[in-house]
Every structure is written in C-alpha cells, then in structure tokens.
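# A closer look at the structure
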Amino acid sequence: MQSLYIQNSLSRKKELFVPLNPPYVGMYVCGPTVYSNVHLGNVRTFLTFDIVYRYLTFLGYQVRYVRNITDVGHLTGDSEDGEDKIGKKARLENLEPMEIVQKYTNDFHDVTRVFNMISPSIEPSATGHIVEQIEMIQKILERGYGYESNGSVYFNVRKFSEDFPYGELSGRRIDDQLSNTRSLDGQDEKNDPLDFALWKKADTSHLMKWPSPWSEGFPGWHLECSVMSTKYLGTTFDIHGGGMDLKFPHHECEIAQNVGAHGGGSPVNYWMHGNMLTVNGRKMAKSEGNGFTPEELITGNHPLLERGYSAMTVRFFMLQGHYASTLDFSNDALQAAEKGLERLVTAMSKLADLPATASTEGSEADIPSLLDRCAQAMGDDFNTPILISVLFDAVKLINNVTSGKIAITSVQRQELKDGMEGYVFDVLGLKVEEKTRQDGGDTDALMGLLVELRGNAKTNKDWATADTIRDTLSQLGITIMDGKDGSTWKKD
Ligand code: AMP
Ligand code: ZN
C-alpha cells in the first residue's frame, strides 16, 4: 500500500501512518455545536477531514468515521460559566432546545451535501450519551482525578499532572498556566482555576438538565468527545481531528479525561488539526461578524462578496491551500479558483475522446510517473495544493494530446482517465456541477458576451442599448453589477 505520512500535532512531527488494526481505521472528528448556521470557516475544517476520510478510503482502508453533534454543554464564552449556547437560543426564540438542535443539524447536513462531503459512519450526539458521560465521570472519580463540589464535579488537573503529562498537545506548562489564570466569576467551587467541569449543577432557569448522582445538571463540553470516541472506536484509536482552536482546552481536556478514566498511554495515535479560514487576516467567526454562511456565498448576498460562487468553486479554492496553513478568503482568490476549476473540468471532459495512436514511439507522455506524483503529494500529509499542481500538468498533457503535439495510445488514455478521475472525483471530491451539465457552460459564455456588448455600448455612449441589455436581463432575474474593473453578473 502507498505510504502515508501525517503531521501529528502531539509529537509535532510527520509520522508514517500505521493503523492499529489494519485495514480498519478509526477516525473521530469534533462536529458542530448546533445553535446557529455553520459558516464557511466551519466548512473548511469539515472539508479537511472529508479529504482525510476520502484518501484513506482511496488507499483501501476501511474507515469508521465518527463525527459528533454537540447539542449540550457548550457554554457561551467557552468558559466554565455562562449559558448553554443552545439553551440561550431556545430561550430567545421561545422554542424547545431540541427544535434548535434539529433546525441547525438539518442546516449542517444540507451544507455538507452541497459541498459534496461524505457522511460519517456514525454521527452521535452528546444528549444521546448522558448515561455514558455519567459513567465516565464515575470512573474518573474512582481513580481520584475528580472531586465533587456543591453538586458539580470537576477534573483535578494538578493531581492528574502528578501522574501523567498534561498540556503536551497544546504545549502549555502547567505552572505557566497557573500564573496566567485569573479567578473567574463562579470559579470558587473549584479547588484550582485550572480544573474544568465534568458535570455542572443546573440552576432553576437552565433548560437542558438530567438527573445524576451529584445533582440535576448537565455534562461539561469536553466530556462528550471522550465518551463517544471511546464508545465507538475504543480506548486507543487512530486519528482524532478538529479545528486548530480546539487544541486547548477541548482536546487537552479530552486526553486528560480519557487517561484519567482508563489510565495508560495516549488515547489517540495521530492528532490532526485544520487551520483557520481568515478574512483580511482575522479568523472567520460568528462573533467577529465576518462569518458568512454557505448560502450567502452561493447567492453572493453578503457585503464581503462581490458576487456568488458555486460550491465546487469554494471547495476547489479551499483545497488549493494545505489544511495546516491558514487560508485567507478573498474574491480574487475565488475568481481565480473558478477559472482554474473550469480549466480542469474542461480538460477532464475531453479525456474519453482524446485521439489515440497505435504506437507511442518518442512520446513524452509518462502517465505512471504523473500518477505517482499525485500519490506522493497526498501521501505527504494530504498535500492537496501539490496534487492540484500535478493535475494541472495533466491538463497540459491533455491539451497537447488534443492538439496533436503529444501522442498516446488507447491504453495510456484509459490509464490517464482512470487516474485523473480517481484523484479529481474520489480524492478531492470535486464534481461537475448541475449548471455546467445542463447547458454545457453556454450560459456563462452568453452572459460574458452580453456583458461585453453592454461595455462596448457604454464606451460608445450608446446608453439606450446599455440600458436595454441591463433592464431585459433584470426582468430575467439577472443583475449586472458595474465595478471599477468592469462588470459582472449574478442570478437573483
Ligand atoms: P463549532 O461549531 O464552533 O464547535 O466549530 C466547528 C468546527 O469548526 C470546529 O472544529 C472549529 O475548530 C472549526 N472552526 C471554527 N472557526 C473556524 C475557522 N475560521 N476556520 C476553520 N475552522 C473553524
Ligand atoms: Zn470534541
């Protein structure tokens, strides 16, 4: 099998991927907190792990891919206090918390479908695993790494760190953390500001609460992922993923909980973290007001967007960056991605009918080495930008065969077609979009022509023609937008 190297966030090294129990691979990815629409930043992280899942499957592994739904316990401000994000939304909208959960879970599923992400094998929810969470707290208490205080239960970080390493994943030293941690409101229940909640006693206004040996309350946010990963993948499993911002405290606490409950070494063999999508250098986030939804992106209906972009354009744009690097959103980059994807898809559509010759004497086409470069790129920590650059070399080859500059046999043609389809459709998960299939791209070409004719009319001060084109298109639901670099169009 083709070798695969993964950058492990825990060891901070690229390591050869060796599954615990080949051909099976267990992968857990932290899913969304379903209290609002997902934004494009969230999409980037889920896309990263869609690629990991796709490539492992492509290599022949049988992957059990678990991605949870966080539907309780994630508090506003991510601190130990505050209101439950879902409970708060339910209160504001006067709905049942489970109505909020259902609404935004449906939205999340719609988004993953639009972006052609493969569904996980198991999608467990935190509220569906309250019993298991109580059991895990009991194990942690039995082993002496937790304590009860006023109906809540906390993890004793200092005690744990005397027996096991704490802070390795995020590179934090426990003493530095102590000196940097100020006492926060309500933290007096804890023995130490470093401790985190395993179970919180609910006050009377709290909507989502369950009985437990300690109080009527709810689990701490970090606990659900420890419980669900262990339940479905075992106490040690292959890959755990999430966005970079989850390294601390979420994943650090997960490790402590797993080791605290079950003892022993690292629960996860390869920790992977996707980097952030930024806008003008700032992390895309709901709280920043710079997080548009996929729907806004596709319709172009957001002040940051010059126009709408298709889901596959966005997918391609994201894959042109390596998952471990930040990626800055810009209209220019999306427009370049749109052109690039079109070139790729157009070349792919020619593959089946490429002219073939009987012999390839003197031909420069070396398809095995081209496909080997694709495998090398993906085998080097899922390097999709390098893979895409190799695929553009393949586009050049296709164009040279079409124009007769390079000869290939029908066997080579098949080899190239199968190989490229594998990487473009199966590994990168790109698909030919509806619009392009229905009209073969004619709409784009015709619109380009109309925009050009209107531009010429304006240059010639023929305002009547320019206005007729704009108004007629407007009646057809197409808006022309004039910008300093020319005009663009969008469908309303
Ligand atoms: P949440 O619903 O807030 O728990 O986030 C779901 C996932 O999206 C987590 O893995 C986050 O790390 C990730 N995420 C949040 N913001 C961004 C961003 N700007 N870029 C990439 N991933 C993000
Ligand atoms: Zn998680």
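Owing to the predicted nature of the structure, the values given are computational and were not obtained by experimental measurement.

### Description of the coordination of the zinc ion (ligand 2)
- Donor atoms from the polypeptide that coordinate the zinc ion (ligand 2) comprise Cys30 (SG), Cys225 (SG) and His250 (NE2), at 2.0 to 2.1 Å from the metal.
- The motif formed by the donor residues of the zinc ion (ligand 2), counted along the single chain, is C-x194-C-x24-H. Within this pair, whereas Cys30 is found in the loop between strand E3 (24–29) and helix H1 (40–58), its partner His250 is found in helix H8 (residues 247–262), the two being separated by 220 residues in sequence. Per residue, the accessibility class of Cys30 equals that of His250, and both read buried.

### Considerations on the sheet that holds strand E11 (residues 277–279)
- Taken together, three strands build an open sheet; the order of strands is E12-E11-E13 and the sheet is mixed. At either margin of the open sheet sits one strand with a lone partner, and together these are strand E12 (282–283) and strand E13 (327–329).
- Note: E11 against E13, three bridges, orientation parallel. Paired with Thr278 across the two strands is Asp328, which belongs to E13.
- Lying on the sheet, helix H10 (residues 311–319) is in contact with E11 and E13; it crosses E13 at an angle near 145 degrees.

### Regarding the sheet that holds strand E10 (residues 268–274)
- With parallel pairing, four strands are arranged side by side in an open sheet as E4-E3-E9-E10. At either end of the open sheet lies a strand with only one pairing partner, and these are strand E4 (62–67) and E10. Looking at each pair of strands side by side, their axes are set apart by 20 degrees on average, direction ignored.
- Of the strand pairs in this sheet, strand E9 (residues 237–243) and E10 are connected by six bridges, and their pairing is parallel. Directly across from His240, in E10, lies its bridge partner Trp271.
- Strands E3, E4 and E9 of the sheet are contacted by helix H7 (residues 221–233), whose axis makes an angle of about 165 degrees with E3.

### As for helix H4 (residues 130–142)
- Taking 1.5 Å per residue as the helical rise, H4 with its 13 residues ought to reach 18 Å, and the 18 Å between its terminal C-alpha atoms agrees with that figure.
- Residues of H4 that are buried include every one of Ile130, Glu132, Gln133, Ile134, Met136, Ile137 and Ile140, and no others.
- Summarising the contacts, the buried residues of H4 are in contact with strand E5 (146–149), strand E6 (152–155), strand E7 (196–201), strand E8 (217–219), H7 and H8.
- The positive-phi residue at the C-terminal boundary of H4 is Gly144, with phi of around 85 degrees.

The rules behind each value
Residues numbered from 1 in each chain as written. Chains lettered and ligands numbered in written order. Predicted model: local features only at pLDDT ≥ 70, side-chain atom pairs only at ≥ 80, totals over all residues. Heavy atoms only, no water. Donors = N, O, S within 2.8 Å, 3.2 Å for Na, K, Ca; no water. Helix = DSSP H or I, 4+ residues; strand = E, 2+ residues; numbered from the N terminus. Buried < 20%, exposed > 50% of the residue type's maximum accessible area, 1.4 Å probe, protein only. Pairing = 2+ DSSP bridges. Contact = heavy atoms within 4.5 Å. Axes fitted to C-alpha atoms, helices over the stretch in contact; angles between N-to-C directions. Expected span 1.5 Å × (residues − 1).

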